[in-house]
Amino acid sequence: MKMPGQILTLLMLIGTFVSVSVQAQYSVTNIPEELKENANAVFRVQEGEFNIESIDRATYRERKVITILNEKAKEHGYVFAYYDKLKKLEDFSASVYDKHGAIIKKLKKSDIIDQSAISGASLYEDNRVKYADLTQEDYPYTVEFEFQFGYKYLYTVPNWIVLPDENVSVQKSSYKVTAPTSLKPRYKMFGVKTAPLISEKKGIISYSWTFDSWKAQEYEIFGKGLPSNAGVKLGPTSFKYEGYEGSMNSWDDLAEWQLSLNAGRDDLGSATKSKIQELVAGISDDKEKIRIVYEYMQSRTRYVSIQLGIGGFQPFNTSIVDNEGYGDCKALSFYTQSLLKAAGIKSHYTWVYGGSRPPSVDKEFPDDVFNHIILCVPNKGDTLWLECTSQNVPMGYLGDFTGDRDVLVISEEGGKIVHTPSYEHENNRISSSGLIKIDKLGDADAAVAFEFKGSAVDFRDLRGFYYQTKDKQDKWIKNYVDIPNYDLNEFQIKETKGMIPEIDLTLDLGIRGLASTTGKRLFLKPNMFSESRFVPPSMDRKTPIYFRQSRLVQDSLVFEIPAGAFIEKLPEPVSIESDFGTYNVTYDMVDNRLVYKRTYKTNKGKYDKEKYQQLIDFFKSIRRNDRKKILISLET
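Rules behind the numbers
Residues numbered from 1 in each chain as written. Predicted model: local features only at pLDDT ≥ 70, side-chain atom pairs only at ≥ 80, totals over all residues. Heavy atoms only, no water. Pairing = 2+ DSSP bridges. Helix = DSSP H or I, 4+ residues; strand = E, 2+ residues; numbered from the N terminus. Buried < 20%, exposed > 50% of the residue type's maximum accessible area, 1.4 Å probe, protein only. Contact = heavy atoms within 4.5 Å. Phe/Tyr/Trp six-rings, centres within 6.5 Å; stacked < 30°, edge-to-face > 60°. Lys NZ or Arg CZ within 6 Å of the ring centre and 35° of its normal. Patch = residues over 30% accessible without salt bridge, like charges linked within 9 Å, V, L, I, M, F, W, Y side chains within 5 Å. Areas by Shrake-Rupley, 256 points an atom, 1.4 Å probe, with all protein chains shown as cover. Salt bridge = Lys/Arg side-chain N within 4 Å of Asp/Glu carboxyl O. Lys, Arg positive; Asp, Glu negative; His and termini not counted. Charge placed at Lys NZ, Arg CZ, Asp CG, Glu CD. Core = buried A, V, L, I, M, F, W, Y, C linked by side-chain atoms within 4.5 Å. Polar contact = N/O pair within 3.5 Å; in protein donor to acceptor, adjacent residues only side chain to side chain.

(A) Structural detail: the sheet that holds strand 10 (residues 160–161). Pairing in this open sheet of three strands is antiparallel, and the strands run 10-15-12 from one edge to the other. Of all the strands in the sheet, just strand 10 and strand 12 (186–190) have a single pairing partner and so form its edges. Here strand 10 runs beside strand 15 (residues 231–235); their pairing, made up of two bridges, is antiparallel. Its bridge partner lying in strand 15, I161 is registered against G231.

(B) Region of interest: the side chain of T582. Mapping T582 onto the fold places it in strand 36 (residues 581–590). Taking relative accessible area as the criterion, T582 reaches 17% and is therefore assigned buried. In contact with T582, not counting residues within four places along its chain, are I576, E577, T599, Y600, K601 and F618.

(C) Quick peek at the packing of aromatic side chains. Under the definition given, this model contains 47 aromatic pairs. Geometrically, the ring pair formed by Y241 and F313 is edge-to-face, given 5.0 Å between the ring centres and 70 degrees between the ring planes. On the criterion of sequence distance, the pair formed by Y241 in strand 16 (residues 238–241) and F313 in the loop between strand 19 (305–307) and helix 5 (318–324) is long-range, its members being 72 residues apart. Ring geometry for F452 against W476: centres 6.5 Å apart, planes inclined by 75 degrees, an arrangement best described as edge-to-face. Of the two residues, F452 sits in strand 27 (residues 444–454) while W476 sits in helix 9 (residues 470–480), which places them 24 residues apart along the sequence. By relative accessible area, which is 12% here, W476 ends up buried. By the ring-pair criterion, three or more aromatic residues cluster together here, those being F50, Y60, Y151, Y153, Y155, F239, Y241, W257 and F313. Just above the ring of F365 sits the side chain of R186; from NZ or CZ to the centre is 4.6 Å. In this arrangement the basic side chain of K224 is found over the ring face of Y546, its NZ or CZ atom lying 4.5 Å from the centre.

(D) Up close: a positive patch on the surface. A contiguous patch of positive charge, built from K224, R357, R548 and K606, is present on the exposed surface. Summarising the element assignment, R548 is placed in the loop between strand 32 (545–547) and strand 33 (551–560). Residue R548 is classed as partly exposed on the basis of its relative accessible area, which comes to 33%.

(E) Geometry of the pairing of strand 5 (residues 103–106). As judged from the three bridges shared by strand 4 (residues 87–97) and strand 5, these two strands associate in the antiparallel manner. Residue S95 lies in a different strand from strand 5, and its bridge partner there is K106. Here strand 4 hands over to strand 5 after five residues, with G101 in that stretch at a positive phi of 95 degrees.

(F) Expanded view of the nonpolar core. Counting 96 residues, the largest nonpolar core has F452 and F559 as the members making the most contacts within it. Not counting chain neighbours up to four residues away, the residues in contact with F559 comprise I436, I438, L514, L524, P526, M528, N592, R593, L594 and Y596. If you look at the next biggest cluster of nonpolar residues, it comprises 69 residues, including Y83, Y155, A255 and F370.

(G) Region of the structure containing the environment of T543. Here T543 is to be found in the loop between strand 31 (521–524) and strand 32. Residue classification places T543 among the buried positions, given a relative accessible area of 9%. When the C-alpha atoms of T543 and G223 are compared, they prove to be 6.7 Å apart, with 320 residues separating the residues in sequence. Apart from residues lying up to four places away in sequence, T543 is in contact with E220, P227 and K609. A distance of 2.5 Å separates the side chain of T543 from the side chain of E220, its partner in a polar contact.

Right, dumping it as C-alpha cells:
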C-alpha cells in the first residue's frame, strides 16, 4: 500500500524539524558565555537514573553530552564502560557532533573495543571494559553517550557529583533514584541545601535532584577537591551480594556482614597450629610472639589479587593460603589472624583505604569507602597494625599507604571507626651528613651518608629500591642525587627493621665542577642535596590550606676547601618561623672547613585560606636561602 502524499510530506517535515532541533540544541553557540570561562569542556547534559528493583537487582542508566572545547579536554572523547559478571552492560550508544551541532558520526558495534580490565597482580578477576575513541581533530566538537547497566546486587548506590573534574563546567545535571519503600536508600547532600524532590506512589519512592549552571573551577594546591562542588552520596539500607544479605544502616551492621562472610573459613590445619605454638613456646612477651607469627606468615606467602564476585569481599579458607602460599589482602590478613589465634593472640579484621589520598570517612553515614584489609592487634592497649601483603614491611609499620586515616575495625562487638598512627617529624625524617673535599678546580670527592627514618623510607619508593638488584639501586641513586656531573664510585645500603624503620645509604662520589670557577675564585652552593625550588603560584585562594604530613629534613655537611684558600665573609645565620613550619641554617668555619647545617620542618595541619600569601612568602624565603652561594678565594 502506498502512503498518501500528505502524510509522507508531514513525516519528512517532522524528521527535518527534529534534526534541526538537535543541531540547534548541541550547537556551541548555545553554551552560555559564563560556562566557557576557564573551561576546557562543558557538560551540556549529565543525567543519571538508578532504579532499585529488589534487594539484589537494580539498573543504572547514564547519559552525557559533552562539548570538548580544546585539546586539554581530549580525554573526554574516550568513552569507557566497565562491567563484570554482576554488573552487566545492557546498552552502549554514542554519537559525535560538530561545532554547529550537526552529527559527524554514530557509534557502530565495530567501533567498540571489548577487553579484559584486570590488574597485573591479579590471579582471579573478571573485570572487563568496553571503550570507544570519539576524539576529533577539529575543535570544538560534542560527544553524546549513554550506558545502561544491570546490577545483580545492591551493595552500592552510585553517588552523584556535579563537577567531575577541574576546568569543566556543567550546564544541566540531574539524578533520580527509585526504590520500593522497603528498600529506600540513605542519602546525604553536600555543597547545596536544596532538598530532593520526593514522591511516593504504590509502594515506590523516588528522589530527584537537579544541579544546573555550574561554572568551571580549578584545583588549588594544598587543597582538598574543588573549591565549590555539589552532589549527593547514597547508600543502601538492606542489600544482598551473591546470596549474602546484610544491612548498611550502621557500622555494626557492616561489621556483622563481613563476619558472616568470614564464618566457617578458618580451617587452619592442626600441623600449622602446632608449628605456631612451638615457635612461641617459652616466650612471655606478646609483642615478640606477634613478631614471630608475622614474620612466619611473610616467609611463607605472596600477594595476588582476587576480585571475582563475592571473592572481592570474602577471604580464602585459611587452609588454602596455608597450602598454596598465596592470597590477596583479605586472605592474607585472615590467615594471619588465624595464626595469631593459634598463638593465643587476639586480632581484628580491618577495612582501610590503601593509597596516598584516602577519602574521608563520614562516621554518621556508614558506607564502604575502603579498598584494602589490614589487621588490628589490640595487644593489651599497645595496639599494633599489621600490613599482611608484603614480605618485607616490618611488623607494626603502615607508612604512607595506610597510616594516618580512619579505618573500620571489625570484631564480635561490632564495627568501630579508629584512626591509624601518623608519622610526625622525627618519624618522617631525611638526614644527610658528609665530608666534601674541594680542589682548586672546583672538583670534589664526597663521602655522604643519608638516613631515611619512618615514613621517609617510602620516599620515591625507597623501600622497593632496597630490595632491587644492584643495577636498579644504582639507577635510583642517580635519580635521587641531583648533581649535574658526578661518578658514583661506591654505595652501601642497610635497613634497620622496626615499627619505625630506617634505611641508611652511604655514597662515595667524585664530583666535577661542584664549585664554579672565576679566575682565583670558587663559588660554592652548600645545599647539595635538599634544595627547595618550589613556590606555590599566586591566586585568589578560596579554600583552606592542608599539609597532609609533618616532615623533617636535616643536612650537616662539612666542606674542606683547598689549602691556602679562604672565605672572606660567611653568610649570616637564617631562622624562619611560620605556622607552616620552621627553617634554620648556620655557617661556621673550623680551620679550613666550612660547616653547613640546615633544618627544614613542615607541620601537618589545616590553615586558613587568608594565610596563603604567608605560605608563598615562606616558600620563597626557603628557595632564596637554599640558592645561596659562598665565595671562596684561592691563594694568590
